[in-house]
Amino acid sequence: SNRMESYEQVEYKQYEKMVFSMSNLSEKFKNKRIFRNYQFLFDEQDSTKIGGKNILPIFIQEKVSQNYYNKNPEKNKTIILGDKHVNYDTPLIDSKGMSQYFERMYADVNIYDNNISLVSNQFLSPIADAAPTFYKFFITDTIKNHSPQLIELSFIPRNNTDWLFEGKIYVTMDGKYGVQDAYLTVNKNINLNFVRALEVKLNFEKNASQRYYLTKTNLLVDFGINKNKGTGFTGERTVTLSDYQINKKQPEDVYQGPKVAVVPDAEKKRDDFWIENRADTLSAGDLRIYRNVDT
C-alpha cells in the first residue's frame, strides 16, 4: 500500500544532482607540476568519508523535472524543465555522453521492488518476499520519541559473498509498516565490478492518505582498480521529490509523445530558476565545480 502503484494517479516534482570526482588522491598527485597553478580544483574532506581525503571534482549535473503516473491504463511521463551541467568546451570530452553514461549507471532505488538495480547489478531488496531466506534480521532499537514509533531493523546477508545489502531500515509501528528511512551498503567480500564502497540512504514522509512515499535518495559509489588503495572515482547522485500529489487526474495530452520530454529552453534556465527549484541548497564545493571547470 506504500508503493506509488497503489494510487490511481501520482504526480511530483523531482530535483536531481549528480557529482563525480577523482578520489583518494595522494599528496604526490595533488602536487604534480601540472596542478601547480590549479590547487583550487582540489577539495579536502573528512578522511572517514567515501572517497578519502583528497578529491578532484570533475563533473556536476542538475535536473528539474515534473513527473506523472497513471495506473489504469498504466502510463508514465517525465517533463524535464531544467538541465544544468558542466560543459567541457573541447571535442575530446563529450559532456552529454558523460551525463547519459552516469544516468544509466545510477538508476533509481525503490526499496519496494523485489530486486534493486545498482551499478548494472541486481540486489535482492531486504523487504522482498524472499528476503528472510537470504538475510538475517535483528531488532536493534525501538524509537519511542518519534510519532509513530519506529523499529530499527538491522540486517546482514546469510552468505557474505552473495550480492545482497547490509544495513538498517526503520519501520513504522502504526499498522502501516511503512519504511521511514533506510541505510543500505554492501559487504566488502562481494566482487562488484571495481566498486570499493557503496552507500544508499532513503528518506520517506507520510502523505495525506497516511501512507509513506519516497522524498529523498542519496546514492554514493566509489570505484577503483585496487580495492583498498590508489586513485579511484567517486560518484554521488541525490534525488529529492516535492509537491507530491495523489489521485489528481490529468488530461490525456499530458501523456502524449515520448515518455521523457525536454522543454526547449531546459539548458538555458537562468540562475533565479535554479535558486527557486533546487530542493537542496548547493554546497560551496558543488557551486565551485561549475566555476573551476570554466577556469
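These figures come from a predicted structure and were not determined experimentally. (Residues numbered from 1 in each chain as written. Predicted model: local features only at pLDDT ≥ 70, side-chain atom pairs only at ≥ 80, totals over all residues. Heavy atoms only, no water.)

**What about the overall build of the chain?**
Secondary structure summary: the chain contains 5 helices and 14 strands in total. Over its C-alpha trace the chain gives a radius of gyration of 21 Å, about what one expects of a compact globule, namely 19 Å for 295 residues. Taking the principal axes of the C-alpha coordinates as reference, the chain spans close to 60 × 50 × 35 Å. Looking at the chain as a whole, 47% of its 295 residues qualify as buried. Split by element, the accessible area of the chain, about 16,200 Å² in all, is 49% carbon and sulfur. Distance from the positive charge centre (40 side chains) to the negative charge centre (38 side chains) of the chain: 4 Å. (Helix = DSSP H or I, 4+ residues; strand = E, 2+ residues; numbered from the N terminus. Rg over C-alpha atoms; globule rule 2.2 N^0.38 Å. Buried < 20%, exposed > 50% of the residue type's maximum accessible area, 1.4 Å probe, protein only. Areas by Shrake-Rupley, 256 points an atom, 1.4 Å probe, with all protein chains shown as cover. Lys, Arg positive; Asp, Glu negative; His and termini not counted. Charge placed at Lys NZ, Arg CZ, Asp CG, Glu CD.)

**Regarding the pattern of salt bridges**
Two side chains bearing opposite charge may form a pair once their charged atoms approach each other closely. As enumerated under the stated definition, the model contains 11 salt bridges in all. Ionic pairing is found between Arg3 and Asp113, a salt bridge with its closest N-O pair at 3.3 Å. Of the two residues, Arg3 sits in the segment before strand E1 (9–23) while Asp113 sits in the loop between helix H2 (95–105) and strand E5 (115–118), which places them 110 residues apart along the sequence. For Arg3, a relative accessible area of 29% corresponds to the partly exposed category. Asp222 is the partner of Arg196 in a salt bridge, and the nearest nitrogen-oxygen pair spans 3.1 Å. Here Arg196 is found in strand E11 (residues 195–206), whereas its partner Asp222 is found in strand E12 (residues 212–223), with 26 residues between them in sequence. Side by side, Arg196 and Asp222 carry an identical accessibility label, which is buried. Residues joined by salt bridges that share partners form a network here, namely Arg3, Glu5 and Asp113. (Salt bridge = Lys/Arg side-chain N within 4 Å of Asp/Glu carboxyl O.)

**A few points about helix H5 (residues 284–294)**
Gly285, Asp286, Ile289, Tyr290 and Asn292 are the residues of H5 that are buried. Buried residues along H5 sit in contact with E1, strand E2 (43–44), strand E3 (54–70) and strand E4 (75–85). (Contact = heavy atoms within 4.5 Å.)

**Here we look at the pairing of strand E6 (residues 121–124)**
Sheet topology note: the E5/E6 ladder contains 4 bridges and is antiparallel. Note that in E6 the partner of Ile116 across the bridge is Phe123. The turn linking E5 back onto E6 is made up of 2 residues, and Val119 within it adopts a positive phi angle of 40°. (Pairing = 2+ DSSP bridges.)

**Some points on the nonpolar core**
In a soluble, globular protein the nonpolar side chains are often hidden away together inside. One finds Ile111, Leu118, Val119, Phe165, Leu198 and Val200 to be the most contacted residues of the largest nonpolar core, which totals 32 residues. Listing elements by their share of this core, those giving two or more residues are E5, E6, strand E8 (150–157), strand E9 (165–172), strand E10 (179–186), E11 and E12. Beyond its immediate stretch of four places on either side in the chain, Leu118 contacts Val109, Phe123, Phe165, Leu198, Val200 and Leu219. Counting residues in hydrophobic clusters, the runner-up holds 13 residues, among them Tyr15, Phe20, Val86 and Ile289. (Core = buried A, V, L, I, M, F, W, Y, C linked by side-chain atoms within 4.5 Å.)

**Concerning the pairing of strand E7 (residues 135–143)**
Relative to E8, E7 is paired through 8 bridges, and the arrangement is antiparallel. The residue bridging Ile139 from the neighbouring strand is Leu153, located in E8. Count of turn residues in the E7/E8 antiparallel hairpin: 6 residues.

Note that all results are geometric; they support no functional claim without further evidence.
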